[in-house]
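Now for the letters of each chain:
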Amino acid sequence: MTDFVKRLLRTPQGAIGVFLVLLVLVVVLLGPMLAPYDPETLSPLARYKGPSPAYWLGTDQYGRDIFSRLLIGARATVVMAVLATIAGTLIGAFIGTTSAFLGGRADELIMRTIDAVMSIPSLLFALLVVNLLGSSTVNALIAVAIAFAPGMARITRSVALSVRKQDYVNAAVARGESSGYIILREMLPNVIAPIIVEMTIRVSFAVMLFATLSFLGLGAQPPAAEWGLMVSEARRYMHLSAGILIWPSVAIAIVAVGFNLLGDGLRDALNPRT
Amino acid sequence: MSPNYVAKRLVMIVYTLFIVSLIVFAITQVLPADAAVMMLGENATQEALAALRENMGLNAPVWQQYASWLGHVLRGDLGTSLRTGQPVGPVMLEALGRSLLLAFLSIGLMLVLAIPLGIIAAVRRGKIADMIVSLISYAGVALPEFVTATVAVLVFADLMKWLPPTGYVPLTENFTSGIAHLVLPVCVISVILIAHVSRMVRSELVDVLHTDYIRAARLKGISRGTVLRRHALRNALLPTITIVALDVGYLLGGVIVVEEIFAIPGIGRQLIVAIQARDLPAIQAGVLIMAATYSIVNFIADILYAWLDKRIQYD
Amino acid sequence: MTTTPETPVLAIDNYSLDYDTASGVFHALRNIDLAVHRGEILGLVGESGSGKTSLAWSIMRYLPKNAREPGGRILLSGENLLEKTDAQIEAFRGRRISMVFQDPSTSLNPTLSLGTQLAEVLVRHRGLTRQQAWKEGEAMLDRVGLKTPAAMMNRMPHEASGGEKQRVVIASAFACNPECIIFDEPTTALDVITSCQILDLFVELQAETGVASLYISHDLALVSRTASRVAVIRRGEIVEQGAVRDIFARPQQDYTRELIAAVPDPAHRLVGDRVFETGKPLVRIENVSVHYGRRPFLAAITGRKAERVAGNNAISLSINPGEVLGVVGESGSGKSTLAKAMTGLNRFEGRIWFDGREIRNVGDMDNAYRKDVQIIFQHPDASLNPRQKISEILSRPLKLFGDASHLDQKVGDMLEQVRLPRTHAQRYPHQLSGGEKQRVAIARAFASKPKLVICDEITSALDVSVQASVVQLLLELQKTSGASYLFITHDLNLIRQIAHRIAVMYRGNLVEIAPAADIDSPDRAEYTRRLIEAVPRPAGQYL
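Residues numbered from 1 in each chain as written. Chains lettered and ligands numbered in written order. Predicted model: local features only at pLDDT ≥ 70, side-chain atom pairs only at ≥ 80, totals over all residues. Heavy atoms only, no water.

(A) Looking closely at empty space enclosed by the protein. On inspection of all chains with the given rule, the structure shows twelve cavities of 30 Å³ or more. If you add up the space inside the largest cavity, you get close to 130 Å³. Ala216 and Lys220 of chain B together with Met99, Phe101 and Ser172 of chain C are, among the 16 residues lining the largest cavity, the residues nearest its centre. When contributions to the lining of the largest cavity are tallied by element, the ones reaching two or more residues are α9 (212-219) of chain B together with β6 (97-100), α4 (114-126) and α7 (162-174) of chain C. Looking at the lining of the largest cavity element by element, the count peaks at four residues for α9 of chain B. (1 Å grid on protein atoms, 1.4 Å probe; cavity = no way out; pocket = protein on both sides within 12 Å on 5 of 7 lines; lining within 4 Å. Points joined across faces, edges and corners; volume = space filled by probe spheres on them. Helix = DSSP H or I, 4+ residues; strand = E, 2+ residues; numbered from the N terminus.)

Written out as structure tokens, the structure is:
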């Protein structure tokens, strides 16, 4: 384990990624405790303030402290994105492995169907699902998970198929091992690494998708401190104070870049041969 | 490229659209909206509602409704909007035209910038150009369209007053103004595409430059530049066709957001309006048209690829 | 500079090469001294990692960025290549010094026609126009023995066979009448018969042009056939060099002796010639056929009949208890397909009789059959799961087929049986060398005390000296266990040493089966005779 961490930190991507993701994690866990103000308290006298010792990142159009709102909004944005990605990955991995395992015509049919589903842009898909279930955070989570599943299924299948062709799997088949053993002990450990990498990178897509849904008014609802919603609300007031717009954008960017870099770092660290 | 391959790809398009039609129909079936109520308003009498439902076939079993809807779609009738009472097909296709203009300009800009960037980054690996490409690609993954769009409007329209902030002017009406209105949306959509494609071109070209045949060509005394032009570029850029085609999915998603922000009456904005109004026929038509666009683009890309790459024997 | 007859065309003078790596400086080449004269072929022989290919890149001045050259000179007709500018080197390459590469399927650009790739050298170095170069190219393809040069010029690489492609590569190496040509394992990627023809072509062109040739190979037998002098390289240093006859007759160094001893020599049989009673074979294969692939899509919907690829066509053969049956053939002859069918990895038609039991399909292969029939694959890298420790890999067959008590003890014993330290149990495959990994794979196969072990090209990924010790191990294990072997290989010299009978396969068909001792008899089938003739004479016969 320590060996693995060392390998992860050896590359600059891995090191910066770990740092950014840890930072985000701290904010997610301790955000509400660290926040100096209540995120939803309006102070009409302190609107559009620039950064100052009192308000580190300034205040928004209702005089709410932007820093506090970001700290608290991290949960809504990041936790949802991680959960949605995990859910989407699990569904996708199940479909992908099944397809690869069944092979032949069944595999062909499943994959062509997946391709068909993927011809609907994932944002549009998420919009449809949210609209179907009603705008709320949980529904947005389900929408993003469903939108991610086909892509993950495709990736899982191609990884599983390439592992399936390896001679160590052939050796296990020739030895008469059970399907369960072959899938769990021979294939899974070799399939899981690339999927973890892909999943990590997709967390940043999920953050974007969530923010976009909120931005379009179909995710979190005001006055929640969701980052995408904050950008959306800031639009009307941005010429009065650019900070309202910029800080939540920066927060989104940090999370996205962090998970992306971490994914790149994991890709190298999880390769047993390097 | 065999006729077999073309036939197979055509059948795949039909299958794709069939699956999409099923999904779209299923989603609109579960929607808690009653088409009859939408048409006649909340104050309609029960009798009038019942009569309309009967008339619209809403009392028939679901599969019959699907079959009748599909039958109409196949005859080119995509239904009538519950919101406006207009046929949705022509409206959506007209909107698609504007979106395609936006999409083509974005792809054009992307190709003009992303391919040279990717090539320079691959050739001068580890140098400044390479780092710029890395930076752009991280910017691409870090900034969603709605952020770049909003910031772009703030900077170039509100502060600098170089360009109009939002709106759409048909090119046939006023060409200069039309173009001016398209500049910001096209740039915003291109950013993510440039980020992705330049990175892909770079990694493809780096792989090709490490192949035995490039080494063999260099060892025949062919100069770096000639080897790059004659041997490497062609092989590295071929896969880009497929990547760009797959990116059309992202592009269409991005178009939705950008059209909403810049108030461009394209298919994305029509869809958002339809979704917010729960205008079922409009949603069905819009999603179907988007999926068809995506499938056709990918079909063309695959055929183009197979035609250009004579190595591949498809069956 | 003037060139006298005594000046070698290529002289390497006290040359060293280092690579900067993350774990420090790696000395790739140390104090190399070599010379190749006009009309001479110098063979450079070494195992993988010996630095022989690094030397080729040094001569061609095509070194990676992390390469450092602490000292020495490389002289081409007296001119030091290390002092030349990039532009000068570019003008040298292909004109005064050129190279033939190992694998023609990767050294030709897949998207350019063969003609384009040949003509570009002529345009570059001889200042011809495209039309002139094309005409000249046709003449050259004719010279390298291609039957339809004009048509071949217009072909794409995937439309030509490996041998044809290598002829095109050779044509472009000779195109500008260079002073020196480096041949880097030019026949290794080719089939036996093709590689023999390519070698003949090389000898003929070399004699005709008198070009100074540096012939790099891992195969001593091959080098002894063509080269007049040979240099043996090991870990970046020249161990010994001299006339071929002297090196083989009186090797001065232990390493050279080892290498010579490791080369398989059919005259030196490693198993007894005892005759097997054929009445009760261990395995009898009756009309086993394997087909690959599905019907193409259009054929499937239009109901047209489509040809399916046959991997095996009605193969019948038998293996006796304690026998080593060799199977030889070129790539694509169906050798491995047969092995896969016998181990349940391919569907097959026909039947297999094993130890009196009838096996009709994969479903009939129960635990008892799988215990008795084990397979070892070609690449130990691929056949050992990279994420499992050796202990887990070796304990699996024990759990499946034997009793699972005292696993640690048994795994240790198995490792010792294949002459590996017991402590290797705690390692992962990537921490072992290629030879060690193959020993682990062998230990795994023998864990269940099988009656038949199928060896699918198990030595071809290994270096000669490692190969010899693995073969020795296999033969010892066979003596102690009494198992039969189905030994698949393309190495005829090796199989003639260790097999009792040899089955020859060609394009999915079984050509014939003959006792190993009679495989070179003139009564053999025509294909077998061609195969035997094509194999380079082993080093031992040089004496």
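(B) Representation of the packing of aromatic side chains in the model. Taken as a whole, this structure holds 14 aromatic pairs over all chains when the rule is applied. Pairing Phe25 of chain B with Tyr66 of chain B gives two aromatic rings, centres 5.3 Å apart and planes at 65 degrees, and the pair type is edge-to-face. Of the two residues, Phe25 of chain B is situated in helix α1 (residues 3-30) and Tyr66 of chain B in helix α4 (residues 62-74); the sequence distance between them amounts to 41 residues. Look at Phe25 of chain B and you get buried, because its relative accessible area is 6%. Judged by centre distance (6.5 Å) and plane angle (50 degrees), the ring pair of Phe174 of chain C and Phe183 of chain C falls under tilted. Residues Phe174 of chain C and Phe183 of chain C agree in their burial class; the two are buried. By the ring-pair criterion, three or more aromatic residues cluster together here, those being Phe174, Phe183, Phe202 and Tyr215 of chain C. If you follow Arg202 of chain A out to its NZ or CZ, it ends over the ring of Phe148 of chain A, 5.5 Å from the centre. Taking the ring centre of Phe92 of chain C as reference, the NZ or CZ of Arg96 of chain C above it sits at 4.5 Å. (Phe/Tyr/Trp six-rings, centres within 6.5 Å; stacked < 30°, edge-to-face > 60°. Buried < 20%, exposed > 50% of the residue type's maximum accessible area, 1.4 Å probe, protein only. Lys NZ or Arg CZ within 6 Å of the ring centre and 35° of its normal.)

(C) Fine view of the nonpolar core. If you look at the biggest cluster of nonpolar residues, it comprises 133 residues, and the most contacted ones within it are Trp227 of chain A together with Phe146, Phe262 and Val287 of chain B. A per-element tally of this core places helix α10 (residues 224-262) of chain B first, with 15 residues. Residues in contact with Trp227 of chain A, not counting those within four places in the same chain, are Arg69, Leu70, Gly73, Ala74, Thr77, Val78, Pro248, Ala251, Ile252 and Val255 of chain A. Ranked by size, the runner-up nonpolar core spans 88 residues in total, among them Leu17, Leu76, Ile181 and Tyr215 of chain C. (Core = buried A, V, L, I, M, F, W, Y, C linked by side-chain atoms within 4.5 Å. Contact = heavy atoms within 4.5 Å.)

(D) Region of the structure containing helix α5 (residues 88-123) of chain B. Spanning 36 residues, α5 of chain B covers 50 Å between terminal C-alpha atoms, matching the ideal 52 Å at 1.5 Å per step. Of all the bends in α5 of chain B, the largest measures some 25 degrees and sits at Leu111 of chain B. (Expected span 1.5 Å × (residues − 1). Bend = angle between axes of the 7 residues up to and from the residue.)

(E) Structural detail: the pairing of strand β9 (residues 229-234) of chain C. All names here are of chain C. Counted residue by residue, β9 has five buried out of six residues, so it is predominantly covered. Note: strand β3 (residues 41-45) against β9, four bridges, orientation parallel. Within β9, the residue paired with Val45 across the bridge is Val232. Direction of pairing for β9 relative to strand β10 (residues 237-243): antiparallel, over a ladder of six bridges. Looking at β10, one finds that Ala231 is bridged to Gln241. As consecutive antiparallel partners, β9 and β10 are separated by two residues, and within that stretch Arg235 has a phi angle of approximately 45 degrees, a positive value. (Pairing = 2+ DSSP bridges.)

(F) Here's a closer look at the side chain of Thr200 of chain A. Residues and elements named next belong to chain A. Locating Thr200 in the fold gives a position in helix α8 (residues 179-215). Under the relative-accessibility criterion, Thr200 is labelled buried at 9%. Not counting residues up to four positions away in its chain, the partners in contact with Thr200 are Phe259, Leu262, Gly263 and Leu266.

(G) Examining the interface of chain B and chain A more closely. Each partner contributes to the interface: chain B provides 45 residues, whereas chain A provides 41 residues. Both faces combined, the contact of chain B with chain A buries some 3,600 Å², and carbon together with sulfur accounts for 78% of it. In terms of surface lost to chain A, no three residues of chain B exceed Tyr138, Phe146 and Ile275 of chain B, which account for 16% of the buried area on that side. For the interface between chain B and chain A, the tally reads one salt bridge. Asp264 of chain A is the partner of Arg199 of chain B in a salt bridge, and the nearest nitrogen-oxygen pair spans 3.4 Å. Here chain B and chain A share three residue pairs in polar contact (both at pLDDT 80 or more) between them. Contributions of two or more residues to the side of chain B that touches chain A are made by α1, α6 (128-142), α7 (145-159), α10, α11 (267-277) and α12 (280-308) of chain B. (Buried area = accessible area lost by both parts, 1.4 Å probe. Salt bridge = Lys/Arg side-chain N within 4 Å of Asp/Glu carboxyl O. Polar contact = N/O pair within 3.5 Å; in protein donor to acceptor, adjacent residues only side chain to side chain.)

(H) Region of the structure containing a positive patch on the surface. A cluster of basic residues, Arg124, Arg125, Lys127 and Arg224 of chain B together with Lys65 of chain C, forms a positive patch at the surface. Inspection of the secondary structure puts Arg224 of chain B in helix α10. We classify Arg224 of chain B as exposed; its relative accessible area is 56%. (Patch = residues over 30% accessible without salt bridge, like charges linked within 9 Å, V, L, I, M, F, W, Y side chains within 5 Å. Areas by Shrake-Rupley, 256 points an atom, 1.4 Å probe, with all protein chains shown as cover. Lys, Arg positive; Asp, Glu negative; His and termini not counted. Charge placed at Lys NZ, Arg CZ, Asp CG, Glu CD.)

(I) Broad picture of unusual backbone geometry. Residues and elements named next belong to chain C. Of note, Asn14 is a non-glycine position whose phi angle comes to about 50 degrees, a positive value. Position of Asn14 among the secondary structure elements: in strand β1 (residues 10-21). In this structure Asn14 comes out as partly exposed when scored by relative accessible area, which is 38%. Residues other than glycine seldom take positive phi values, yet His406 does so here, at roughly 50 degrees. Note on placement: His406 falls in the loop between α16 (390-401) and α17 (407-417). Residue classification places His406 among the exposed residues on the basis of a relative accessible area of 63%.

(J) Quick peek at the sheet that holds β1 of chain C. Residue and element names in this part refer to chain C. Taken together, the four strands give an open sheet; going across it, the order is β2-β1-β4-β5, and neighbouring strands pair in antiparallel fashion. What marks the edges here is a single partner per strand, and that holds for β2 (24-36) and β5 (79-80). Pairing analysis gives two bridges linking strand β4 (residues 67-76) to β5, with the strands arranged antiparallel. What sits directly across from Leu75, in β5, is Asn80.

(K) Spotlight on the interface of chain C and chain A. Facing 23 residues of chain C, the contacting portion of chain A comprises 22 residues. Carbon and sulfur atoms make up 48% of the surface buried where chain C meets chain A, a total of about 2,200 Å² over both sides. Scanning the region where chain C abuts chain A turns up two salt bridges. Arg396 of chain C is the partner of Glu177 of chain A in a salt bridge, and the nearest nitrogen-oxygen pair spans 2.8 Å. The tally of links between chain C and chain A comes to eleven residue pairs in polar contact (both at pLDDT 80 or more).

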